[in-house]
Amino acid sequence: MSTEKLKETIQKVFPDVETVICWQEGFDKLHTTPLFMTASAQEAKVVWNPLCVQNLTSYLPSMKKKVAVVVKGCDSRTIVQFMEEGLIDRNNVVIIGIPCRGVVSVKKVLRAVDFQPIEDVKCVDDTVIVKTASGEKTLKVSDVWPDKCATCQYPTPVIYDYLIGDAIESDKPAESVYEDVREFETKTLEERKAYFEREFGKCIRCYACRNACPMCVCQDSCIAETRDPHWITQKLSAQEKMMFHMIHSIHLAGRCVECGECERVCPMDIPVAKIKKKINAEMKYLYDYTTGANPDDKPPMYTFNVDEAKIKEHKL
Amino acid sequence: MAKTGFLPKEKIKDFLDALSKDAQVHVPVKEGDIVAFKPYSADAEICLTRPANTSPKAVIYPQCDKLLSFEYTKDPEDNKKTSITLSDKRDYPNAVIFGCRPCDAKGFTIFDKVFVTADYVDPYYREHREKTTIISLACETPFAGCFCVAVDGGPADKVGSDVLMTDVEKGYYLESLTEKGDKVLSLPMIQEGASYQAAAQKIQTEAAAKVKNPLPKGATEKVNPTLFDTDEFWQQVAAKCISCGACTYLCPTCYCFNITDEAARDKGERIRTWDACMFQHFTLETSGHNPRPVKSRRLRQRVGHKFAYYPEKYDGVIACCGCGRCIRHCPVSVDISEIVGYLKDPGQDPKTWIERNTKAAKDGSL
């Protein structure tokens, strides 16, 4: 149903835009891949289902002409954050929003079928039916969704020009969003250190996390590679890798829209979003600020208040 | 006649322990949900049921390789005089790669042409290569993105391996392919293999039939130069690429590197590290000029290197082993086999291709 409505809407936005960024089936049935669709063709390729995981808004800042983009609720926060930070011109983006009840984590689906080769995948209501050599397995989307879906507060896009279907309200408690952060914090310092050293030790420095991150704006001046300043060497120690990931996280303080792209794209399955989420939790506490929620907000790191209610100043 | 043998599954540990006596043994280890090549240890959870996320290339061609170390010393008598001490002491241990796939092993033969048999020999690579024994495991089934048969390979291809193992249920049928392989097969736990040959052959043949071939015109068909030189084609196929290095770093045949001096205070190291042609910096020149300033040009380089320039230079050999990692693990599912499929279709007319596949991204931003 939604797919048909989406296709209709896409036809409506032409010729106002030259390109619509949406999803199409990828190299196998489990993967979708971005489709940069133009007026003339390819309508048949457009898909919308729980396999449409990628946050397509990441491409927006590099687009020089007016484009339309299809967004889920979570993805739409990126657009709002772009607007707050002046990274896109809203007049150059047509937003086609889709209320979303959750997508799947490809990694979790693969785990659920014991990493066997996928023969077929069908999306039926709130399940995905995955066929492997061992037969068909029906997985509830809620059993294999990325962690962000489990606490989703924005099932309906927060900003859109067209909405496909009816808006839906979140049924997840707001307090649940940072529950995982608080739980992780109950571990001892040593345990946490060992955890991150082990996880970041797996990093191959491919920078998929950085390049997939819609909010990474340093582009070709990233500290990961610059020789001036020369803050990180090209060595492969856990220390160097950790340094990069820490700086990446700090750069996203009060900016990370929690889309989870960094973690989704990691070929080594490193939980790279964990620290970013912790920092966001702190930003929420200190400034009562939620990223990508309201285009009129000012990100806390973009402004300065002499008296911050929750920050104790040194009394000089 | 190649030497053959049989390794019962319950003897794998004994086998690896025996190999470990005079070599570092690298095995595919399960770490959480991923599989990566790690030095063998008794508590490592070895995973042979799916290809590793990473290729084993780092064993022979380390991601970070110290070429030399240096230290500056000031003359205590004259502060203006500084001397430098260099040390290029290196260690080349005997190594074994166990449980890689035939495509992984073939990857090293692509390196050999550049680093060993070329006009300029790379001594670091050559030493590691000579001291490494490769024991591959034939694939019974293709995994997402696999296309070895399309690039002159196969799930039981023997090129590059010293020993090829085939899983025949209770154990592995072993075929020795080199002198190094003969040595492996002479270990005491290796049993007589001849009786398993037929079973292994059947598995190998069946596996080959299961692998998809996205290049039906044949691996030898050259890329279509007109389409290859069409910018719009590359803009279209590269539109979704995010310019990360996942494809190149996981690739068993990508060998481009960078050399940097990493110093702190008065001493440091000159290291060679993997580089990736997908990165913006890759061809950035000191002047500030970048001959490949946009990602479409960079993707063209990656595909061109593997399927056009390398074959031109090395007798038609394709610098891709079809392992599928770059497809399987690409953050945005860029499919190199699809791109090459277009390029190798001799009837492909650039105009028609672009019309059919639309004319997206003409704004130069891609």
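Computed from a predicted model, the values in this text were never measured in an experiment. (Residues numbered from 1 in each chain as written. Chains lettered and ligands numbered in written order. Predicted model: local features only at pLDDT ≥ 70, side-chain atom pairs only at ≥ 80, totals over all residues.)

Another point: the overall build of chain B. A tally of regular secondary structure across chain B gives 13 helices and 11 strands. Along the first, second and third principal axes, the C-alpha atoms of chain B reach 75 × 65 × 40 Å. Counting over 366 residues, chain B shows a buried share of 46%. Sequence separation of at least 24 residues holds for 70% of the intrachain contacts in chain B that already meet a minimum separation of 6. (Helix = DSSP H or I, 4+ residues; strand = E, 2+ residues; numbered from the N terminus. Buried ≥ 20, exposed ≤ 12 C-beta atoms within 10 Å, placed from the backbone. Contact = placed C-beta atoms within 7 Å.)

Moving on, we get to the domain arrangement of chain A. Put simply, an interface is often sized by how much accessible area is lost when its parts join up. Residues and elements named next belong to chain A. Under the domain assignment, chain A is made up of domain 1 (2-103 + 145-301) and domain 2 (104-144). Computed from C-alpha coordinates alone, the two centres of domain 1 and domain 2 are separated by 23 Å. Listed by partner, the interface residues are 14 residues for domain 1 and 14 residues for domain 2. Of the residues that constitute the side of domain 1 that touches domain 2, the class distribution is 7 nonpolar, 3 polar and 4 charged. (Domains from an automatic or database assignment. Nonpolar A, V, L, I, M, F, W, Y, C, P; charged D, E, K, R; others polar.)

Quick look at the packing of helix H3 (residues 102-115) of chain B against helix H4 (residues 123-130) of chain B now. Residues and elements named next belong to chain B. Their axes nearest at 10 Å, the elements H3 and H4 cross at an angle of 140°. With respect to H4, the axis of H3 lies oblique. Note on packing geometry: the crossing formed by H3 with H4 is left-handed. Two secondary-structure elements touch here, H3 through Phe108, Phe111, Asp112 and Phe115 and H4 through Tyr125, Arg126 and Arg129. Its residues placed into classes, the contact of H3 with H4 shows 4 nonpolar, no polar and 3 charged. (Axes fitted to C-alpha atoms, helices over the stretch in contact; angles between N-to-C directions. Parallel < 35°, antiparallel > 145°, perpendicular 65-115°, else oblique. Left-handed = near helix turned anticlockwise from the far one by under 90°.)

Residue and element names in this part refer to chain B. Here helix H8 (residues 231-238) crosses helix H10 (residues 295-313) at 95°, and the two axes come no closer than 8 Å. Considering their axes alone, H8 and H10 lie roughly perpendicular with respect to each other. Note on element contacts: H10 touches H8 through Lys295, Ser296, Arg297, Leu299 and Arg300, opposite Asp231, Trp234, Gln235, Val237 and Ala238. Among the residues making up the contact of H8 with H10, the classes are represented as 4 nonpolar, 2 polar and 4 charged.

All names here are of chain B. Here chain B is described as being made up of domain 1 (4-61 + 93-210) and domain 2 (225-356). For domain 1 versus domain 2, the distance between C-alpha centres works out to 27 Å. If you look at the interface, domain 1 gives 25 residues, while domain 2 gives 19 residues. The element best represented in the side of domain 1 that touches domain 2 is H3, accounting for 8 residues. Looking at the side of domain 1 that touches domain 2, its residues break down into 13 nonpolar, 6 polar and 6 charged.

Residue-level contacts link 39 residues of chain A with 43 residues of chain B. Elements with a minimum of two residues in the side of chain A that touches chain B: strand E2 (32-38), helix H3 (106-112) and helix H8 (208-212) of chain A. For the side of chain A that touches chain B, the element with the most residues is E2(A), which contributes 4 residues. Classifying every residue of the side of chain A that touches chain B gives 17 nonpolar, 12 polar and 10 charged.

Before going further, it helps to examine the environment of Ser55(B). Residues and elements named next belong to chain B. Assignment of secondary structure puts Ser55 in the loop between strand E3 (34-39) and helix H2 (57-60). A count of 26 C-beta atoms within 10 Å places Ser55 in the buried class. Separated by 40 residues in sequence, Ser55 and Phe15 have C-alpha atoms that sit 22 Å apart. Setting aside residues up to four positions removed in sequence, Ser55 forms contacts with Asp104, Gly107, Leu250, Cys251, Pro252, Cys323 and Arg325.

All names here are of chain B. Pairing is mixed across the open sheet formed by 7 strands, whose spatial order is E1-E9-E8-E7-E6-E2-E3. The open sheet has two edge strands with one neighbour each: strand E1 (4-8) and E3. Taking the axes of each pair of neighbouring strands and ignoring which way they run, one obtains an average angle of 25° across the sheet. Of the strands in this sheet, E1, strand E2 (24-31) and strand E6 (95-100) touch helix H1 (residues 12-20), which is tilted by about 135° from E2. (Pairing = 2+ DSSP bridges.)

Turning our eyes to something else, we now look at the pairing of strand E5 (residues 93-97) of chain A. Residue and element names in this part refer to chain A. By the criterion of burial, E5 is predominantly enclosed, with 5 of the 5 residues buried. Here E5 shows no split at all, with Val93, Ile95 and Gly97 on one side and Val94 and Ile96 on the other all buried. For the crossover that starts at strand E4 (residues 67-71), traverses helix H2 (residues 73-84) and ends in the parallel E5, the hand is right-handed. Pairing geometry for E5 and strand E9 (residues 162-163), over 2 bridges, is parallel. Residue Ile96 lies in a different strand from E9, and its bridge partner there is Tyr162. (Right-handed = clockwise from strand over helix to strand, strands pointing away.)

For the rest of this paragraph, the subject is the environment of Ile250(A). Residues and elements named next belong to chain A. Residue placement: Ile250 occurs in helix H9 (residues 238-251). Residue classification places Ile250 among the exposed positions, given that 11 C-beta atoms sit within 10 Å. Put simply, Ile250 and Ile204 are 46 residues apart on the chain and 20 Å apart in space, counted from C-alpha to C-alpha.

Another aspect to go through is H9(A). Taking 1.5 Å per residue as the helical rise, H9(A) with its 14 residues ought to reach 20 Å, and the 20 Å between its terminal C-alpha atoms agrees with that figure. At its buried positions, H9(A) is contacted by helix H7 (189-201), H8 and helix H11 (273-287) of chain A. (Expected span 1.5 Å × (residues − 1).)

Residues and elements named next belong to chain B. Pairing within the open sheet is antiparallel, and its 4 strands lie in the order E5-E4-E11-E10. Looking at the sheet topology across the chains shown, the edges are occupied by strand E5 (82-87) and strand E10 (257-264). Between one strand and the next, the sheet's axes are offset by a mean angle of 20°, whatever the strand orientation. Summarising the sheet, strand E4 (residues 64-74) and strand E11 (residues 267-274) pair through 7 bridges and their orientation is antiparallel. Residue Leu68 lies in a different strand from E11, and its bridge partner there is Arg270.

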